[in-house]
Amino acid sequence: MALEQEVREVFAQGGVLSHAADQFRERDGQTEMAVAVARTITNGGQLVVEAGTGVGKTFSYLVPALLSGERVLLSTATKTLQDQLFGRDLPRLVAALGLPVRTALLKGRASYLCLHRLELARHDASLPERGSLRTLAKIEQWSKATRTGDLAELPGLDERSPLIPLVTSTRENCLGAQCPQFKPCHVNLARREAMAADVVVINHHLFFADLAVRESGMAELLPSVRVVVFDEAHQLNETGVQFLGVQIGTGQALDFARDLLAAGLQQARGLVDWQQLAAAVERGARELRLAVGKQWPGAKLRWAGEAPEGVPGPDWQQALDALQEAFAGAARGLDTVSELSPDFVRLHDRAQQLAQRAERFAEPCAIGSVRWVDVGSQLRLVESPLDIAEAVRTRVLKSSAAAGSESEPVEEGRAWVFTSATLGDDPKLRWFTEPCGLEEAEVLRVQSPFDYAQQAALYVPRAFPKPNDPAHSQQVALLAARGAAALGGRTLVLTTTLRALRTIGDAMKAQFERLESGERPEVLVQGELPKRVLMDRFREGASAGRAGCVLVASASFWEGFDAPGDALQLVVIDKLPFPPPNDPLVEARSQRLESQGRSAFGDYSLPEAAVSLKQGAGRLIRRESDRGVLVICDTRLVAMGYGKRLLAALPPMRRIEGEAELDAEIAALVPPTRD
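Residues numbered from 1 in each chain as written. Predicted model: local features only at pLDDT ≥ 70, side-chain atom pairs only at ≥ 80, totals over all residues. Heavy atoms only, no water.

Q: Quick one: what's the story with the packing of helix α21 (residues 472-487) against helix α28 (residues 658-669), residue by residue and with numbers?
A: Contact pair α21 / α28: the axes reach a minimum separation of 9 Å and the direction vectors enclose 30°. As summarised for this structure, α21 and α28 are arranged roughly parallel, according to the angle between their axes. The interaxial crossing formed by α21 with α28 has right-handed handedness. Contact with α21, carried on its side by L479, R482, G483, A486 and L487, involves E659, L662, D663, I666 and L669 of α28 and no other residues of that element. (Axes fitted to C-alpha atoms, helices over the stretch in contact; angles between N-to-C directions. Helix = DSSP H or I, 4+ residues; strand = E, 2+ residues; numbered from the N terminus. Parallel < 35°, antiparallel > 145°, perpendicular 65-115°, else oblique. Left-handed = near helix turned anticlockwise from the far one by under 90°. Contact = heavy atoms within 4.5 Å.)

Right, here's the structure in full:
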């Protein structure tokens, strides 16, 4: 009970936080969550907390975690929050509490510059594009000064740059202790610092990637900590299933062939016919892609039998066998020169792993999993569990065994905290707890302190094209453009499909062409610029001499995008975000529920839509002083019986009816004086 009392005192008015945090004021919900976290740390067990926007959940778990004196692991869904926790929130709290706490940041390999692969890239004659040479020179210059090697520190580096995979390592191509750059390796430095730290900040991808292969990194860290906190926990299930299944792609094959050829010609020219081995792998990947034929980009092909749907079985199996044999042939060739260089040892291991995966996909799908093929310019073959429940119960909550460590087990009494602003639409938060194997966890829901009835209004147009009407996206664009023109930008349009994204973006640009250039909001469309650039430009808002911005976005912008203040005052959602019924994973989950006598729509599709809708709506109000309007352009919300459940999941905004009321609400948001 001592920790709970200490936590209460820190959060009380006049306590430590009131002197350390800007604009701090005592919030009952924040204190309630912090005390629950403290109780879980003291007693052990699992706590699931849905903390509405504005509760201040970060401090609610950080304060008791720091005061406990325990070794703590903090996992987030995004690198952005990782950097915020490590660079801003943790240092402020550690200083305010006056604690001798050592913190560390640990990301996956792809976040760190690999000095060995940078050296290889210097001699790579097949760099993806001319601009890559300039980017490589910039990276080389930065590499001489950086201490961490974290590529997030390099200004202006596009996260989509094709050069990044060439200067970072993967588990498959890392040389480990045999690497000539092992001692100054940035990944190893980050891991050593993490092993010596009291609080380590990681991300969900790293957590599950290491759990899946039981190798170094997280697997070493987890047995030695007693407090584990997952923030942005709503992404835990979808992140986990990515890593707990099996994948192989033609892109992986081509990367391997390129690395094989480069290493062979640089270090063992003439000893093996490297060009023949690489060509066999490339040919196998190409034949596998050709076996699928023409498909819509982004298509997911179900794969229940010997081949994906619509693909001739004999052609597919023949191509898969040829690819497997090409990998095996490469492994045999590499085996003859493995003593010459650690590069060849690692390439040999990669070839064997890829051959084994190709052989796995030639066999029937594992029971309890689903298999499909992602189609683009390349193919990705995926076999995935339907959720992470079994893995969490057997490999996470019993984590000393999962980590493969012989150290003293510490899971007895370990505290697990899972938190997010959105974890479900029912009191037990089953949308989250069931697929994550946390049905026995304590559940706490803490409401947002915002006065939504005063701060925000919700409008659902009744006279509007149906969601499947071809005119729907055009009407969304017209409605959003009218509001954005009145506000001078300050508008976020969230779409459920990439097709709607492009249609609405183009239509809004065409609408604004009619305005005077000084009054014309800039339309930013996801995909046209790096995500970080889009977010920064939007947040800048209106500046002298020009209007503000409209951002048309999909997918990742439904959550994690924070634009407080008057930079964002209108959020327009085009359709209810139901999971796509033809997605193989969605289909398999639905079939499992139906086989259990449950409703796939009521127990899966509807909760999924409710959570996504809450996430999207949550972009609007981020502070007590924010004001804005949410528009959902889907008549099903008011015409269908299930609409009541979705409306109940939204923040309690006041409802407005008709375009006249909408225009009046938007007009009331416009500042009295504008340049």
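Anyway, onward from the coordinates.
Q: For the nonpolar core, give the residues involved together with the corresponding values.
A: Counting 46 residues, the largest nonpolar core has L106, F418, F432 and L438 as its most contacted members. Broken down by element, the residue count for this core peaks at four residues, all from helix α10 (residues 204-213). Setting aside its immediate chain neighbours within four residues, L106 contacts Q82, Y112, A190, R191, A194, V200, V201, I202, N203, L206 and L221. Listed in part, the 43 residues of the second largest apolar core include A263, F327, V375 and L379. (Core = buried A, V, L, I, M, F, W, Y, C linked by side-chain atoms within 4.5 Å. Buried < 20%, exposed > 50% of the residue type's maximum accessible area, 1.4 Å probe, protein only.)

Q: Tell me about the packing of aromatic side chains, and please be specific about residues and values.
A: Across all of its chains, the model carries 15 aromatic pairs by this definition. Their ring planes at 90° and their centres at 5.3 Å tell us that W303 and W316 sit as a pair that is edge-to-face. With W303 in the loop between β7 (300-302) and α15 (313-335) and W316 in helix α15, this residue pair connects regions lying 13 residues apart in the sequence. Where W303 meets F361, the ring centres are 5.7 Å apart and the plane angle is 20°; that geometry is what we call stacked. Separated by 58 residues along the polypeptide, W303 in the loop between β7 and α15 and F361 in helix α16 (residues 342-361) bring together distant segments of the chain. Judged by its relative accessible area of 3%, W303 falls in the buried class. (Phe/Tyr/Trp six-rings, centres within 6.5 Å; stacked < 30°, edge-to-face > 60°.)

Q: Describe helix α24 (residues 584-595), naming the residues involved and giving the relevant values.
A: Over its twelve residues, α24 extends 16 Å from the first C-alpha to the last, a length consistent with the 16 Å expected when each residue adds 1.5 Å. Restricting attention to buried positions, one finds in α24 the residues P584, L585, V586, A588, R589, S590 and L593. Where α24 is buried, its residues touch α12 (236-243), β7, β8 (369-375), β9 (379-385) and α25 (600-617). The residue sitting at the N-terminus of α24 and contributing the capping side-chain oxygen is D583; that oxygen lies 2.9 Å from the backbone nitrogen of L585. Of the residues flanking the end of α24, it is G597, one or two places downstream, whose phi is positive at about 80°. (Expected span 1.5 Å × (residues − 1). Polar contact = N/O pair within 3.5 Å; in protein donor to acceptor, adjacent residues only side chain to side chain.)

Q: Please provide a residue-by-residue account of the packing of α21 against helix α22 (residues 498-512), values included.
A: Contact geometry for α21 and α22: axes closest at 9 Å, N-to-C directions at 45°. By the angle between their directions, the pair α21 and α22 is classed as oblique. Crossing of α21 over α22 shows right-handed handedness. In this structure, α21 uses S473, Q474, V476, A477, L478, A480, A481, A484 and A485 to contact α22, whose residues at the interface are A500, T503, I504, A507, M508, Q511 and F512. Residue composition of the contact of α21 with α22, grouped by class: twelve nonpolar, four polar and no charged. (Nonpolar A, V, L, I, M, F, W, Y, C, P; charged D, E, K, R; others polar.)

Keep in mind that these numbers describe shape and distance, not what the molecule does.
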